[in-house]
Each structure stands twice: as structure tokens, then as C-alpha cells.
Amino acid sequence: MPHIALKMLEGRTEAQKQEAAKKLVAALCDALGCGDTYITMTIEDFDAQEWQDVFAKDIAGKPDALYKKPSYDPKSLL
């Protein structure tokens with residue numbers, strides 16, 4: 001079943017995370033034409049140094065699964 005995994009730099013509030021989850025789940029339901037019964041979602045926070053590994057593994061390391069390419073250099077976050 002669909003699972004959304006949101007990984008981002010730390011610093012967002014719990015309210016922002018709740019709002020993002022609500023909107024992302026709704027957008028996925030709309031795009032797939034399904035209800036939210038089987039959709040799950042996780043949110044993980046990373047600091048700028050940890051993000052270097054996330055970027056290498058989950059973004060640069062998965063070019064065939066990447067549907068939105070980055071327009072930034074992750075080193076600019078350090």
C-alpha cells in the first residue's frame with residue numbers, strides 16, 4: 001500500500017509536520033484515486049551534516065526512482 005516517507009532538515013514545528021502530512025496524504029489520494037485507509041506516512045528530521053548521507057543514499061543514489069531532481073548542492077547546507 002502507499003507509504004510516504006518525508007525526510008527533511010530539522011526545524012519545522014509539529015504543527016507544520018501535521019499540516020504537511022495532511023496535505024501530502026490528500027494529494028496522494030487525489031492522484032491515485034483512492035482513500036486514505038491504507039496510506040501511511042513517516043517524517044524524519046536531519047541536521048545539515050546528516051543530510052549529506054541522506055542525499056547521497058536516497059537522492060543521488062537512486063536516480064531511477066527520483067521523480068523530482070534537486071536544484072541545489074547539499075554541501076551548500078553546511
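Up top is the structure these notes are about.
Report on the accompanying structure.

What counts, and at which threshold
- Residues numbered from 1 in each chain as written.
- Predicted model: local features only at pLDDT ≥ 70, side-chain atom pairs only at ≥ 80, totals over all residues.
- Heavy atoms only, no water.
- Helix = DSSP H or I, 4+ residues; strand = E, 2+ residues; numbered from the N terminus.
- Buried < 20%, exposed > 50% of the residue type's maximum accessible area, 1.4 Å probe, protein only.
- Contact = heavy atoms within 4.5 Å.
- Bend = angle between axes of the 7 residues up to and from the residue.
- Salt bridge = Lys/Arg side-chain N within 4 Å of Asp/Glu carboxyl O.

1. Looking at the overall build of the protein chain
At step 1: Along its length, the protein chain carries two helices and two strands.
At step 2: Secondary structure elements of the protein chain occur, N-terminal to C-terminal, as β-α-β-α.
At step 3: Counting all 78 residues of the protein chain, 19% fall into the buried class.
At step 4: Once local pairs closer than 6 in sequence are excluded, the contacts in the protein chain between residues at least 24 apart make up 62%.

2. A short note on helix H2 (residues 48-60)
At step 1: Its maximal kink placed at Val54, H2 deviates by approximately 35°.
At step 2: Taken residue by residue, H2 has Trp51, Gln52, Val54, Phe55, Asp58 and Ile59 as its buried positions.
At step 3: The inward-facing, buried residues of H2 contact strand E1 (3-9) and strand E2 (40-46).

3. Side note on the pattern of salt bridges
At step 1: On inspection of all chains with the given rule, the structure shows four salt bridges.
At step 2: In this structure, Lys23 engages Glu19 in a salt bridge whose closest nitrogen and oxygen atoms are separated by 3.3 Å. With a gap of four residues between them, Lys23 and Glu19 both fall in helix H1 (residues 14-32), about one helical turn apart.
At step 3: Here Lys62 and Asp58 are joined by a salt bridge, their closest N and O atoms 3.7 Å apart.
At step 4: Residues joined in a network through salt bridges with shared partners are Lys7, Asp58 and Lys62.

4. Points about the side chain of Gln52
At step 1: Tracing the sequence through the fold places Gln52 in helix H2.
At step 2: Since its relative accessible area comes to 15%, Gln52 is described here as buried.
At step 3: Look past the residues within four positions of Gln52 in its chain and what remains in contact with it is Pro74, Lys75 and Leu78.

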